[in-house]
Amino acid sequence: MPLVTKELRKDIEGLRAIAILMVVAYHAHVPWMSGGFVGVDVFFVLSGYLITQLLVFEIASTGTIDIARFYARRARRLLPAVGVLLLAVVCASAVLYAPFEQGDLSLTALSTSAYLSNVYFAKTATDYHSPAAQTNPLLHTWSLSVEEQFYAVWPLLMLFAARRARKRGESSERNIGMVLALLALLSFGLSLYWTEVRQPWAFFLSPTRAWEFALGASGILLPGFDRWVWIRALFSGERTTPDASQRRVRIISGWLGFGIVLLSGVVFDDKTPFPGIAAMLPAIGTLLVLRSGAGSSPASPRLLNTRVLQEIGRLSYSWYLWHWPLLVFGIAMFPDTGLPGRVGLVLGALVLAELSYRLVEHPIRSSRLLVGRPALALYMAAGITLGGIGLSVAWNRVSARWSTGESQAKFSAARNDSPVIYPMKCDEWFFSSAVKECSFGPAQSARTVVLFGDSHAGQWFPAVEQAFVPHGWHLIVMTKSGCPAVDAPFVYNRIGRVYTECDVWRRSALARIAILRPDLVVVGSWSGYPFSQEQLRDGTQRVLKSLSESSRQVALMADTVGPGSDLPRCRARASWRPSFVPGPDCTSYSDAPRRLEVESIQNSLARGFDNVTVVDLNSLICAGGVCGWGKGDAIPFRDDSHLTASFARALGPALRAKIVTEFSEGSWSDGLF
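Residues numbered from 1 in each chain as written. Predicted model: local features only at pLDDT ≥ 70, side-chain atom pairs only at ≥ 80, totals over all residues. Heavy atoms only, no water.

**Student:** Lay out the pattern of salt bridges with the relevant residues and their values.
**Tutor:** Applying the stated criterion across every chain, the model contains 21 salt bridges. A salt bridge links Arg542 to Asp487, with the nearest nitrogen and oxygen atoms 3.1 Å apart. Of this pair, Arg542 sits in helix H22 (residues 533–550) while Asp487 sits in the loop between strand E3 (474–479) and strand E4 (491–492); the two residues are 55 residues apart in sequence, bridging distant segments of the chain. Owing to a relative accessible area of 42%, Arg542 belongs among the partly exposed residues under this scheme. Among the residues examined, Asp487 registers a relative accessible area of 29% and is labelled partly exposed. Salt bridges here are not isolated pairs; linked through shared partners, they connect Arg307, Glu311, Arg314, Glu354 and Arg358. (Salt bridge = Lys/Arg side-chain N within 4 Å of Asp/Glu carboxyl O. Helix = DSSP H or I, 4+ residues; strand = E, 2+ residues; numbered from the N terminus. Buried < 20%, exposed > 50% of the residue type's maximum accessible area, 1.4 Å probe, protein only.)

**Student:** Help me get a handle on the confidence of the model for the protein chain, residues and values and all.
**Tutor:** Confidence along the protein chain averages 90 in pLDDT terms, with 92% of residues attaining 70 or more. Low pLDDT, under 50, characterises residues 225–242; the predicted model gives this stretch 29 contacts beyond four residues in sequence or across chains. (pLDDT = per-residue confidence, 0-100. Contact = heavy atoms within 4.5 Å.)

**Student:** I'd like a description of unusual backbone geometry, backed by residues and values.
**Tutor:** At the junction of Phe274 and Pro275, the peptide bond is cis and its omega measures out at 10° in the coordinates. Inspection of the secondary structure assignment puts Pro275 in the loop between helix H11 (244–267) and helix H12 (280–292). A positive phi is found at Tyr115, a non-glycine position, where the angle reads about 60°. Within the secondary structure layout, Tyr115 lies in the loop between helix H4 (99–113) and helix H5 (117–124). Of note, Lys425 is a non-glycine position whose phi angle comes to about 60°, a positive value. What makes Lys425 exposed here is its relative accessible area of 58%.

**Student:** Before we move on, can you summarise the environment of Ser412 with the specific residues and values?
**Tutor:** Position of Ser412 relative to the elements: it lies in helix H18 (residues 409–415). Spatially, the C-alpha atom of Ser412 lies 5.9 Å from that of Phe100, the residues being 312 residues apart in sequence. Excluding anything up to four places from it in sequence, Ser412 contacts Phe100 and Ser403.

**Student:** Outline a nonpolar patch on the surface, listing residues and values.
**Tutor:** Among the surface-exposed residues, Val351, Leu352, Leu355 and Leu359 lie close enough to one another that they form a single nonpolar patch of about 370 Å² accessible area. Positionally, Leu352 belongs in helix H15 (residues 339–365). (Patch = residues over 30% accessible without salt bridge, like charges linked within 9 Å, V, L, I, M, F, W, Y side chains within 5 Å. Areas by Shrake-Rupley, 256 points an atom, 1.4 Å probe, with all protein chains shown as cover.)

**Student:** Outline the packing of H4 against helix H23 (residues 567–576), listing residues and values.
**Tutor:** Contact geometry for H4 and H23: axes closest at 9 Å, N-to-C directions at 105°. Regarding the angle of H4 to H23, the classification is roughly perpendicular. Residues Pro99, Phe100, Glu101 and Gln102 of H4 form the contact with H23, whose participating residues are Pro568, Arg569, Ala572, Arg573 and Trp576. A breakdown of the residues in the contact of H4 with H23 according to their chemical character gives five nonpolar, one polar and three charged. (Axes fitted to C-alpha atoms, helices over the stretch in contact; angles between N-to-C directions. Parallel < 35°, antiparallel > 145°, perpendicular 65-115°, else oblique. Nonpolar A, V, L, I, M, F, W, Y, C, P; charged D, E, K, R; others polar.)

Rendered as structure tokens:
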């Protein structure tokens, strides 16, 4: 028989506590918990174990599954607290965030209400110009959507397998196990593949997480581990009463699993390809702990039974809901919040968790009226869902009106003031290595200029167009956001792996430029990529050598100085917030030492080529060392590093004058300008 019991297991409550502590420590950036995100994987395995336990018990007792009652039970457990959270996040965001930010957040709220926030974040994670997920107060709901999607599908699959077994006179556990094995294999294979080629999809989407729930379910469907020879027990069906030696094996397996979970949290970090094969560690560790505490002689680590962990485990769901929004809102109000402040915020969320548990979660989950009437609980779930959707849609429309109001319109305009090459889809992002050329100006011109590089090259398009196209030049754009003009591999955090598409695109673009033989190449690249000095120097050298041989002149644009913050967002928030809410300081400026280091290397390399020069217009962008204001109260930046198209266009004459001056002395440039 599978290990099925309805008794409350304290070790599971303690395991919940460990999982939430890991997640909270990771989000607070506690140094020794760089891989605390695996706490979510612990929750997935736990959910698969517990839900399968309930369903197998029901099948064994009644021969079927009451689907309506199951959904009603899940609705009572999850949705009321999420509904309260969503309302609180909407209200707080309406005060703290700029209206144009609220428009994006309302879409997150909508996807959360529809149990699809994981799909939303999987999509936006692969959009180069999407709002940063790390500042979204609803980011953590992705895992809730994954669980809700699992709850929607798994009982139906189990019911199908049980009915099929009954018709054939077979064991329902055997049929359920076959479905489980097939699901796990397909899911794990997809997880491995997507982790390599589409890591955000692998991380956020349910199909690549289903194997973790299936692994948890196997803890119920597999025979008991009462002997150390588990494989023999599995294949022979042997059952024995555990003795002292067998108990020692269970104790060892429990502590081993517990250690594996903690080790994963310590050694993993944001650079670990995840989930993929790495997710096996916390998942298997969790399963070992669960199995060690099951059966007639539980032997899970006693640490899990302590009073403190029991209380934290009781509040784990509510704490998970509240800790992230409180942390994000706190940092939004006080951007310089350090580790003590972040820890204080997540601990303060425990107060909200206790209130949520006592006033919302527990009363509704244990309500006799709702427990006895599943239909009423489903009506409640429908009401919460429709209410959340309606609230999100209304918020989206209201925030759109706010963003065009007199005090906010200029900030919204700056945020959306990007070069035309993006709506024209000239820029190939992330998962494409194809070189897409966009042409401007007279195609039959005797003079050709190529704009080459990443988004920090793309930001100069309006200036390059203004500087050359009116003078009869043909302009060709070859840019790929996130892909530097440095011939060196690197791990790009946005996709969670080495950016191989960038390497292929760069080689192809350089080969295409060699065929075009342009008169001028304007090169731009962000200075913040994670290259060593050696990689930066050698990789830039190789690119400049190729370009210098392919074109008459190469203008290497010095990277733009940063304003110290996301300027439109900062100023919009400061203008929007009421007087009693602290506003951000939008006048700060701090030139990154990394940018100065990169510019020094670029200048040194440029001197080694007769036809390469570094063009620096930063004195026109941040006059007097202040980047927050442009002429006529204009906003020069559309985010924390990219110029607005309008501001860049205004620099077109200055860019042309600078390039003409820099290249006027070379005989090879006679008559070019």
